[in-house]
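Reading the structure
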2 protein chains.
Amino acid sequence: MKLLVVGTLAFDSVETPFGQAENVLGGSASYLATSASFFTQPQIVGVVGEDFPQEHLDFFVKKGIDCTGVQKTAGKTFRWAGSYHGNMNEAKTHETQLNVLESFRPDLPEHYKNTPYVFLGNIDPDLQMHVISQLTDTKLVACDTMNFWIEGRRSSLMKTLEKVDLLSINDGEAKLLSGEENIVTAAQAIRQMGPKYVVIKRGEYGAILFTEESMFAAPAIPLEVVKDPTGAGDTFAGGMLGYLAHMDRVDDRTLRQAIIVGSTMASFTVQDFSLNKLQTLQESDIQKCFEEFVQLTQFERNLYAS
Amino acid sequence: MKLLVVGTLAFDSVETPFGQAENVLGGSASYLATSASFFTQPQIVGVVGEDFPQEHLDFFVKKGIDCTGVQKTAGKTFRWAGSYHGNMNEAKTHETQLNVLESFRPDLPEHYKNTPYVFLGNIDPDLQMHVISQLTDTKLVACDTMNFWIEGRRSSLMKTLEKVDLLSINDGEAKLLSGEENIVTAAQAIRQMGPKYVVIKRGEYGAILFTEESMFAAPAIPLEVVKDPTGAGDTFAGGMLGYLAHMDRVDDRTLRQAIIVGSTMASFTVQDFSLNKLQTLQESDIQKCFEEFVQLTQFERNLYAS
């Protein structure tokens with residue numbers, strides 16, 4: 001099944017203790033679609049300026065990504081500049097230039113409207129809602145959000161959440177959204193807002209899935225090399241949604257595997273700047289890393305197994 | 001097999017957002033031995049003052065704990081006062097009264113000396129070494145330490161680590177000890193210092209085991225009620241070592257289960273103040289919580305299992 005992703009296409013300038021990258025390909029839609037492309041055929045909705053190089057679009061198309069919904073408009077592409085320090089768990093934003101994003105309106109090409117799996121990247125909740133209102137035949141609508149919208153656009157966000165099946169959010173944002181300090185209570189409160197499934201991203205500590213029936217906790221693979229965490233959350237979500245679309249099944253068991261797939265994909269992204277690692281990734285790398293996850297987490301299910 | 005634990009016996013005064021407790025039973029040896037008592041027969045080495053109530057010692061004996069090595073000396077028992085705020089991941093120490101701990105010398109009763117499993121709680125590394133020097137026939141010597149010794153007594157600590165098989169340490173301390181920001185590199189560096197096995201405790205995020213062959217990452221059970229994290233790390237270590245002593249086997253597979261057992265035990269301790277929860281715990285509670293761990297972490301081992 002196909003996957004629709006809505007989000008930003010950007011030029012990022014990033015500094016970490018391991019180097020820097022200037023004006024490289026970034027944006028939530030880039031990471032989401034590229035990560036998902038290993039499992040399904042993603043369709044991007046987004047906007048770029050006249051300065052966006054054709055080679056990036058060519059790369060997407062080569063990965064089987066439908067770029068019909070990428071609007072090219074007069075002006076400059078969205079730009080973000082930031083840095084990471086210490087344990088690199090949080091980005092410090094130096095500059096945000098909205099540029100063409102300022103007047104972005106995510107109108108869907110006709111053939112996108114009945115796409116069954118949808119991920120709404122972190123954009124204005126009113127725009128997320130505008131996408132939802134065009135959808136005709138969904139099986140799973142998922143989204144992300146951030147502090148900026150939680151604090152500044154709460155009532156819009158609440159309306160969007162009512163229409164969303166799965167929220168993928170980091171732990172600090174989950175606490176802010178719910179007003180709860182405890183992550184279990186926070187997830188329960190968020191489930192009351194609409195999403196049946198809540199996935200809490202914890203960076204290097206992994207992720208937790210909360211459903212009606214159960215909790216599932218997955219660690220992240222402890223990595224020796226983390227060069228740049230930018231895009232890790234979107235790569236995670238892209239892998240997760242891409243896998244669900246591939247399996248065309250949303251149940252507890254498949255969601256659990258989807259989270260491991262998402263973590264697998266994210267573990268590649270952070271090993272290099274921009275989409276560098278994803279761009280050279282092979283199917284066999286993913287299979288191998290998934291098996292590392294199995295090794296990393298398995299233990300005897302019988303307490304006194306001898 | 002028996003387990004020797006060396007550590008403090010204390011009166012704790014603790015404040016958390018969920019209440020407070022004054023002069024309650026605490027100390028690393030209390031948590032270590034009580035937690036381990038569900039799996040093996042622990043032997044305590046520690047010191048108390050004349051003010052230490054007989055009822056606490058009676059409780060230990062009732063749990064099958066050998067208290068021959070608990071020295072009762074003139075003066076007052078060690079006291080610690082602290083509080084937890086926000087996400088309660090770190091204690092703020094208000095007061096430490098060493099009292100009888102100041103002149104503590106952990107001399108082992110004759111019948112403790114050939115105990116095969118040993119956990120040296122977080123005390124002066126010279127005292128940990130003094131214990132090691134009395135041991136005659138060990139299968140596994142494990143220890144804990146803290147910032148205070150890492151910063152103030154590094155050369156003593158390094159000598160102790162050379163003689164230790166397993167180090168159980170929290171992530172911040174691992175980074176401080178190794179001088180490495182990355183947890184994988186930190187664990188590798190610590191393994192070079194002596195311990196074959198390094199267990200990194202990450203509080204609510206679980207624990208990671210590093211051995212020569214593999215890494216094992218276990219989440220903690222996400223808990224709705226965390227009243228008081230005091231003693232969680234020692235309860236974890238007590239469960240882990242108690243289980244290893246019970247199984248009388250130290251291999252990758254048993255170590256992994258031991259870590260789940262440790263996490264299981266710690267998840268009980270934090271649900272109430274002091275040892276309250278451990279004091280009323282039943283075998284069946286442990287079995288049930290271990291099964292919750294299996295539920296919490298299991299996923300299909302085949303990437304495209306249908």
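Preceding block: the structure.
Summarised in this report is the structure supplied together with it. (Residues numbered from 1 in each chain as written. Chains lettered and ligands numbered in written order. Predicted model: local features only at pLDDT ≥ 70, side-chain atom pairs only at ≥ 80, totals over all residues.)

Here's the deal with the overall build of chain A
- Within chain A, the secondary structure is distributed over 11 helices and 13 strands.
- A compact globule built from 306 residues should have a C-alpha radius of gyration of about 19 Å, and chain A, at 18 Å, falls within 12% of that.
- Expressed along its principal axes, the backbone C-alpha trace of chain A runs to roughly 70 × 40 × 35 Å.
- Sequence separation of 24 or more characterises 66% of the internal contacts of chain A that already satisfy a separation of 6 or more. (Helix = DSSP H or I, 4+ residues; strand = E, 2+ residues; numbered from the N terminus. Rg over C-alpha atoms; globule rule 2.2 N^0.38 Å. Contact = placed C-beta atoms within 7 Å.)

Side note on the relation of the copies chain A and chain B
- With an RMSD of 0.0 Å, the fit of chain A onto chain B corresponds to turning through 180° and sliding 0.0 Å along the axis. Within this description, the copies of the chain are treated as partners about a two-fold rotation axis.
- Of all interface residues in chain A, 100% are interface residues in chain B too; the two copies therefore contact each other through one and the same surface. (Least-squares fit on C-alpha atoms with pLDDT ≥ 70 in both.)

Points about the pairing of strand β6 (residues 78–84) of chain B
Residues and elements named next belong to chain B.
- For strand β2 (residues 10–16) and β6, the ladder comprises six bridges, and the chain directions are parallel. Pairing of V14 across the sheet is with G82, part of β6.
- Here β6 runs beside strand β7 (residues 91–97); their pairing, made up of six bridges, is antiparallel. Paired with W80 across the bridge in β7 is T96.
- Linking two consecutive strands that pair antiparallel, namely β6 and β7, is a turn of six residues; a positive phi of about 55° is found at G86 within it. (Pairing = 2+ DSSP bridges.)

Digging into the packing of helix α6 (residues 171–178) of chain A against helix α7 (residues 183–193) of chain A
All names here are of chain A.
- Contact geometry of α6 with α7 gives a least axis separation of 9 Å together with a crossing angle of 60°. For the element pair α6 / α7, the angle class is oblique. You can see that α6 and α7 cross each other, and the crossing is left-handed. Judged by residue contacts, D171, A174, K175, L177 and S178 of α6 engage I183, A186, A187, A189 and I190 from α7. (Axes fitted to C-alpha atoms, helices over the stretch in contact; angles between N-to-C directions. Parallel < 35°, antiparallel > 145°, perpendicular 65-115°, else oblique. Left-handed = near helix turned anticlockwise from the far one by under 90°.)

Structural notes on the interface of chain A and chain B
- Contact residues are listed per partner, giving 33 residues for chain A and 33 residues for chain B.
- Of all the secondary-structure elements, those providing two or more residues to the side of chain A that touches chain B are α7, β13 (215–218), α9 (252–269) and α11 (283–297) of chain A.
- Its residues placed into classes, the side of chain A that touches chain B shows 16 nonpolar, 10 polar and seven charged. (Nonpolar A, V, L, I, M, F, W, Y, C, P; charged D, E, K, R; others polar.)

Some details on the sheet that holds strand β3 (residues 19–26) of chain A
Residues and elements named next belong to chain A.
- Overall, mixed pairing links the four strands, which are arranged β3-β2-β6-β7 in an open sheet. Unpaired on one side and paired on the other, β3 and β7 (91–97) mark the two borders of the sheet. Across the sheet, the mean angle from the axis of one strand to that of its neighbour is 15°, orientation sign disregarded.

Focus on the environment of F290 of chain B
- Looking at the secondary structure, you find F290 of chain B in helix α11 (residues 283–297).
- Through-space distance from the C-alpha of F290 of chain B to that of G262 of chain B is 9.9 Å; in sequence the pair is 28 residues apart.
- Setting aside residues no more than four positions away along its own chain, F290 of chain B makes contact with L303 of chain A together with I260, V261 and T264 of chain B.

Describing α6 of chain A
Residue and element names in this part refer to chain A.
- Taken across its eight residues, α6 has six buried, putting it largely inside the fold.
- Of all the positions in α6, only D171, E173, A174, K175, L177 and S178 are classed as buried.
- Structurally, α6 contributes buried residues whose contacts are with α4 (147–152), β10 (166–170), α7 and β11 (197–201).
- Remark: G179 follows α6 within two positions and exhibits a positive phi of approximately 75°. (Buried ≥ 20, exposed ≤ 12 C-beta atoms within 10 Å, placed from the backbone.)

What about the sheet that holds β7 of chain B?
All names here are of chain B.
- In spatial order, the strands read β3-β2-β6-β7; together these four strands make up an open sheet with mixed pairing. Among the strands making up the open sheet, the edge pair consists of β3 (19–26) and β7. Shown here is a sheet whose adjacent strand axes are inclined to one another by a mean of 15°, direction ignored.

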